[in-house]
Amino acid sequence: MKNTKRFINYLFTFATEGIFIGLMISIFCSYASHSSVYVPSSPSFTTNFSNLLNAFTASIILWAVTGIFFGFGSFIFTINHWSLLKKTVINFFTYYFGFVFLALLAGWVSLDLINFTKFTVIFVIIYLICWYYNYHKIAKEIANINHKIKKE
């Protein structure tokens, strides 16, 4: 029962984070495109729906699934008997292939070579920035813990 509650809590937290991030990105993109109307996703996605409300609802579901996917994917780094390199490589490819599927489903990227290459380059850059930030944040926390231990 305790694990079920923890799982549901993770599920809700990750979904909420995914929805929040998706909403912020979609608002930013709507402003960046100089639109006077909020559009929850790309035109290739929204035109698949009879109205914007249905497209928005589908976008929320996709953002939630994306948040859940990335949230649970982060648990790869909790596997203690793997090296950091192995965790990073498996995490990267898990995220990449999962996000490619979601991005294709949402119409955020098309399968033509130029757009897919741009998507991949942007994904790699964002992944590396996030990895670098987290690596140094954790290294700093470990250094602080080691410093406290040495004081005692």
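Residues numbered from 1 in each chain as written. Predicted model: local features only at pLDDT ≥ 70, side-chain atom pairs only at ≥ 80, totals over all residues. Heavy atoms only, no water.

- Identification of the chain as DUF3021 domain-containing protein from Lactobacillus melliventris is taken from an unreviewed UniProt entry.

1. Regarding the UniProt feature "transmembrane region" (unreviewed entry) in the chain
Turning to step 1, where the next piece is worked out: The residues that UniProt annotates with the feature "transmembrane region" (unreviewed entry) are residues 7-33, 53-77, 89-110 and 116-135.
Turning to step 2, where the next piece is worked out: Here residues 7-33 runs as 96% helix and 0% strand, with 38 Å between its end C-alpha atoms.
Turning to step 3, where the next piece is worked out: Secondary structure across residues 89-110 divides into 82% helix and 0% strand, with the first and last C-alpha atoms of the span separated by 25 Å. (UniProt positions renumbered as here; feature names shortened; annotations may be inferred. Helix = DSSP H or I, 4+ residues; strand = E, 2+ residues; numbered from the N terminus.)

2. What to know about helix H4 (residues 84-106)
Turning to step 1, where the next piece is worked out: With 23 residues, H4 should reach 33 Å at 1.5 Å per residue; the first-to-last C-alpha distance of 32 Å fits that figure.
Turning to step 2, where the next piece is worked out: Tucked inside the fold, the buried residues of H4 contact helix H2 (43-46), helix H3 (52-73) and helix H5 (113-151).
Turning to step 3, where the next piece is worked out: A positive backbone phi angle near 75 degrees is found at Gly107, which sits one or two residues after H4. (Expected span 1.5 Å × (residues − 1). Contact = heavy atoms within 4.5 Å.)

3. Quick word on the environment of Asn48
Turning to step 1, where the next piece is worked out: In this fold, Asn48 is placed in the loop between H2 and H3.
Turning to step 2, where the next piece is worked out: For the pair Asn48 and Gly107, spaced 59 residues apart in sequence, the C-alpha separation works out to 9.9 Å.

4. Digging into the packing of H4 against H5
Turning to step 1, where the next piece is worked out: Between H4 and H5, the shortest axis-to-axis distance is 11 Å and the interhelical angle comes to 140 degrees. By the angle class used here, H4 and H5 are oblique. H4 and H5 meet at a crossing whose hand is right-handed. Only Phe116, Phe119, Thr120, Phe123, Val124, Tyr127, Trp131 and Tyr135 of H5 make contact with H4, whose side of the interface consists of Leu84, Thr88, Asn91, Phe92, Tyr95, Tyr96, Phe99, Val100 and Ala103.
Turning to step 2, where the next piece is worked out: In terms of residue class, the contact of H4 with H5 is built from 14 nonpolar, 3 polar and no charged. (Axes fitted to C-alpha atoms, helices over the stretch in contact; angles between N-to-C directions. Parallel < 35°, antiparallel > 145°, perpendicular 65-115°, else oblique. Left-handed = near helix turned anticlockwise from the far one by under 90°. Nonpolar A, V, L, I, M, F, W, Y, C, P; charged D, E, K, R; others polar.)

5. Things to note about a nonpolar patch on the surface
Turning to step 1, where the next piece is worked out: The grouping of Phe20, Ile21, Met24 and Ile25 at the surface amounts to a nonpolar patch, some 400 Å² of accessible area in total.
Turning to step 2, where the next piece is worked out: Considering the arrangement of structural elements, one finds Ile21 in helix H1 (residues 2-32). (Patch = residues over 30% accessible without salt bridge, like charges linked within 9 Å, V, L, I, M, F, W, Y side chains within 5 Å. Areas by Shrake-Rupley, 256 points an atom, 1.4 Å probe, with all protein chains shown as cover. Salt bridge = Lys/Arg side-chain N within 4 Å of Asp/Glu carboxyl O.)

6. As for the nonpolar core
Turning to step 1, where the next piece is worked out: One finds Phe92, Tyr95, Tyr96, Phe99, Val100, Ala103, Val109, Phe119, Phe123 and Tyr127 forming the largest nonpolar core, which totals 10 residues.
Turning to step 2, where the next piece is worked out: If one sorts the elements of this core by residue count, H4 sits on top with 6 residues.
Turning to step 3, where the next piece is worked out: Contacts of Phe123, omitting those with residues within four sequence positions, involve Phe70, Phe92, Tyr95, Tyr96 and Phe99.
Turning to step 4, where the next piece is worked out: Grouped together as the second largest cluster of nonpolar side chains are 5 residues, Phe45, Leu62, Leu102 and Ala106 included. (Core = buried A, V, L, I, M, F, W, Y, C linked by side-chain atoms within 4.5 Å. Buried < 20%, exposed > 50% of the residue type's maximum accessible area, 1.4 Å probe, protein only.)

7. Details of the side chain of Ser41
Turning to step 1, where the next piece is worked out: With respect to the helices and strands, Ser41 occurs in the loop between H1 and H2.
Turning to step 2, where the next piece is worked out: Among the residues examined, Ser41 registers a relative accessible area of 13% and is labelled buried.
Turning to step 3, where the next piece is worked out: Side chain to side chain, Ser41 and Trp108 meet in a polar contact 3.0 Å long.
Turning to step 4, where the next piece is worked out: If sequence neighbours within four positions are ignored, Ser41 has contacts with Thr46, Ser59, Ala106 and Trp108. (Polar contact = N/O pair within 3.5 Å; in protein donor to acceptor, adjacent residues only side chain to side chain.)

8. Digging into unusual backbone geometry
Turning to step 1, where the next piece is worked out: Although it is not a glycine, His34 sits at a positive phi angle of roughly 60 degrees.
Turning to step 2, where the next piece is worked out: Here His34 lies in the loop between H1 and H2.

9. Re the confidence of the model for the chain
Turning to step 1, where the next piece is worked out: In the predicted model, the chain carries a mean pLDDT of 90, and 100% of its residues have values of at least 70.
Turning to step 2, where the next piece is worked out: Across the chain, the element-wise mean pLDDT spans from 82 in H2 up to 93 in H3. (pLDDT = per-residue confidence, 0-100.)

10. Observations regarding the packing of H1 against H3
Turning to step 1, where the next piece is worked out: As a packed pair, H1 and H3 sit with axes 7 Å apart at the nearest point and diverge in direction by 125 degrees. Here H3 runs oblique to H1, going by the angle between their axes. The handedness of the crossing between H1 and H3 is right-handed. Judged by residue contacts, Phe7, Tyr10, Leu11, Phe14, Ala15, Gly18, Ile19, Gly22, Leu23 and Ser26 of H1 engage Phe56, Ile60, Trp63, Ala64, Gly67, Ile68, Gly71 and Phe72 from H3.

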